[in-house]
Amino acid sequence: MKYIVSLVIVAVIAYSCSPAQKFNRDKTAFEASAVTKSFKSVADMNDSYFEIRENNFFEFYRQLFDSLKNTSYPGRYELQGDTLHLKFYDKKGAALLGSKAIIREVKNEIIFFK
């Protein structure tokens, strides 16, 4: 019986520290925030999108053949000067893109870096 209780406690702690749980706190505000700027990168099979939203939210996601999103990495950003400091809910997003970005308005492009 103690083993089961310990296992349940560990599972609850692991879930509460997960990226999904962190995003669930802000999910309503995220979904209510309109997209203010969008960028698209086209590849052979997987197109990538980066959307900047109101209330300092952003989302990086991929779509396979214009279908449903097959990966999504939402987060929050802070604008310092001309640099967006990205804080992903899931650290895999930062591993893919980096933690900073600069938008070049003239060319309508975004550059990501660590």
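Treat the numbers as computed from the prediction; the structure is a model and nothing was measured. (Residues numbered from 1 in each chain as written. Predicted model: local features only at pLDDT ≥ 70, side-chain atom pairs only at ≥ 80, totals over all residues. Heavy atoms only, no water.)

1. A few points about the sheet that holds strand β1 (residues 35–41)
Across a sheet, paired strands are connected by hydrogen bonds in the backbone, their directions being either parallel or antiparallel.
Move 1: If you walk across this open sheet you meet the seven strands as β1-β2-β3-β4-β5-β6-β7, and the pairing is antiparallel. Of all the strands in the sheet, the pair left with one neighbour each is β1 and β7 (109–113). On average, each strand axis in the sheet is tilted by 30° relative to the strand beside it, whichever way the strands run.
Move 2: Across six bridges, the pairing between strand β4 (residues 69–80) and strand β5 (residues 83–88) is antiparallel. The partner of Tyr77 across the bridge, within β5, is Leu86. (Pairing = 2+ DSSP bridges. Helix = DSSP H or I, 4+ residues; strand = E, 2+ residues; numbered from the N terminus. Axes fitted to C-alpha atoms, helices over the stretch in contact; angles between N-to-C directions.)

2. What about the packing of aromatic side chains?
Move 1: Under the criterion given, the structure shown has eight aromatic pairs.
Move 2: Summarising the aromatic geometry, the rings of Phe30 and Phe57 are spaced 5.6 Å apart at their centres and angled 85° between planes, so their arrangement reads as edge-to-face. Here the residue Phe30 occupies a position in helix α2 (residues 19–32), and Phe57 occupies one in strand β3 (residues 57–64), the gap between them amounting to 27 residues.
Move 3: By relative accessible area, which is 1% here, Phe57 ends up buried.
Move 4: Arranged with centres 4.9 Å apart and planes meeting at 85°, the rings of Phe58 and Phe88 form a pair that is edge-to-face. Placement of Phe58 in strand β3 and of Phe88 in strand β5 is noted, with a sequence separation of 30 residues between them. Of the two residues, Phe58 and Phe88, neither departs from the other in class, the shared state being buried.
Move 5: An aromatic cluster of at least three residues, connected via ring pairs, comprises Phe23, Phe30, Phe57 and Tyr89. (Phe/Tyr/Trp six-rings, centres within 6.5 Å; stacked < 30°, edge-to-face > 60°. Buried < 20%, exposed > 50% of the residue type's maximum accessible area, 1.4 Å probe, protein only.)

3. A short note on the confidence of the model for the protein
Move 1: Here the protein shows a mean pLDDT of 83. Residues at 70 or above account for 81%.
Move 2: Between the elements of the protein, mean pLDDT differs from a low of 48, seen in helix α1 (residues 2–16), to a high of 96, seen in β5. (pLDDT = per-residue confidence, 0-100.)

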